[in-house]
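Letter by letter, the chains look like this.
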Amino acid sequence: MKHIYLKRGKDESLRRFHPWVFSGAIQSMSDEPEEGEIVKVFTNENEYIATGHFQIGSIMVRVLSFSDETIDQPFYEHRLAVALDVRRSIGIINDDNNTYRLVHGEGDNLPGLVIDIYGPTAVMQAHSVGMHQDRMVIAKALKQVMGDTIRNIFYKSETTLPYKAELEQENAFLLGGDTNDIAIENGMQFHVDWLKGQKTGFFIDQRENRSLLQKYAKGRNVLNMFCYTGGFSFYAMRGGASLVHSVDSSQKAIDLTNANISINFPDDKRHTAYAEDAFKFLDKMQTPYDLIILDPPAFAKHKDALRNALKGYTRLNRKAFEKIQPGGILFTFSCSQAVNKDQFRTAVFTAAASAGRKVRILHQLHQPADHPINIYHPEGEYLKGLVLYVE
Ligand code: SAH
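Calculation notes
Residues numbered from 1 in each chain as written. Predicted model: local features only at pLDDT ≥ 70, side-chain atom pairs only at ≥ 80, totals over all residues. Heavy atoms only, no water. Core = buried A, V, L, I, M, F, W, Y, C linked by side-chain atoms within 4.5 Å. Buried < 20%, exposed > 50% of the residue type's maximum accessible area, 1.4 Å probe, protein only. Helix = DSSP H or I, 4+ residues; strand = E, 2+ residues; numbered from the N terminus. Contact = heavy atoms within 4.5 Å. Expected span 1.5 Å × (residues − 1). Arc of directions from axis to C-beta. Polar contact = N/O pair within 3.5 Å; in protein donor to acceptor, adjacent residues only side chain to side chain.

Enquirer: Talk me through the nonpolar core; I want residue IDs and the actual numbers.
Expert: Formed by 32 residues in total, the largest nonpolar core has its most connected members in Y118 and F331. Those elements that place two or more of their residues in this core are β13 (188-191), α5 (207-216), α6 (231-238), β17 (291-294) and β18 (328-334). Take this core: its biggest share by element is five residues, from α6. Setting aside its immediate chain neighbours within four residues, F331 contacts N209, L212, L213, Y216, L291, I292, I293, L294, L365, L386 and V387. Counting 31 residues, the second-largest nonpolar core is a separate cluster that includes L294, Y313, F321 and I324.

Here you go:
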């Protein structure tokens, strides 16, 4: 196994269990490792400090373990069993809910790996070459840990792996091949398009925020912007909304939203979906909405896009503040990891001020418990939301 030696003093963050080694911290390597290879990291004084996947770029090692152990199937089984125990012990998995994130990268001490569970199907996504190369052993470990509760493992990494790695990336079943794509979240059914959909097919990370929305929906006119497969819309329907309009620029998303509404609320005339650009829709809309959800895609995928992203959040939120009825409630989100909580708040508050509205914060929202944040890796915090009362 190849060894990496750190510069003097550059072991400090690893001693505090931060799971990344940056290129600037590296003094030398025993031999240039291949991307994705398992490497051992040593201090400048030849003391072992970590084992991880090697990658090319500014993060050069993503740490899998701080003890000198072999990275094999039993290693993955152990990590997966711990992740499953966490979800079980906090009651996320039950008869009413078979949809949850089992592995959230660094949050579950498996950097570069995401596994979402949709009933009998696990969707696995690699964000690093190392996890891509380990996919078969991880799939075996997953089956071992989950037993009969899963029958299918779909591997979906076509869009998440580093482009330059030039891998034979493919989306394919590693186990099973069931095409029944219906999963249950808090008692509601929905189709998950793991074959072609965004992320692993569904935005599990909004589950608790959708439940909160349900409580506020009664008697309101609801506008769900950037609806994707309609998650927020069906909670609004269940909460007793007077009408629900869902908007997404993708026709495919709108088709999925309509399909999901019709399995949960057949023949319910309260819902209409529009395939339109959100900004244009807000400009011309006439309906008096008093509950609006803004859950756009990440406006900043990288730090260098930050300024424009903040402007985008301000522009979008201003349009909603200008139009929402007095006494209305706004659920507004950012899933950009590069935008922190304070920056997002400032963007939203600037929007409220420029629209001249009086606004109170009712709730500050974040990602749910099955998307945990490793305390040694605060970068894992990405989803931020505000629930605002607009006078
Ligand atoms: N709220 C959703 C997740 C939103 S993901 C849920 O709970 O599942 C972001 C969505 O925004 C995607 O479906 C994407 O198609 C859509 N989108 C991106 N740009 C858009 C635009 N300019 N106008 C409307 N929708 C847009």
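So that's the structure; there's more coming.
Enquirer: I'd like to hear about helix α10 (residues 341-355), residue by residue, with values.
Expert: The α-helix advances 3.6 residues per turn, and as a result positions three or four apart in sequence lie on the same side. For α10, spanning 15 residues, the distance from its first C-alpha to its last is 21 Å, which sits close to the expected 21 Å at 1.5 Å a residue. Inspection of α10 places F344, A347, V348, A351 and A352 among the buried residues, and these make up the whole buried set. The arc that holds every buried residue of α10, seen down its axis, measures 135°, which confines them to one face. Projecting away from the buried face of α10 at angles above 90 degrees are the exposed residues D342 and A353. Lining the buried residues of α10 we find α9 (306-323), β18, β19 (359-366) and β20 (384-390). Between a side-chain oxygen at the N-terminus of α10 and the backbone nitrogen of D342 the separation is 3.1 Å; the capping residue is N340. One or two residues past the end of α10 sits G356, with phi positive at roughly 70°.

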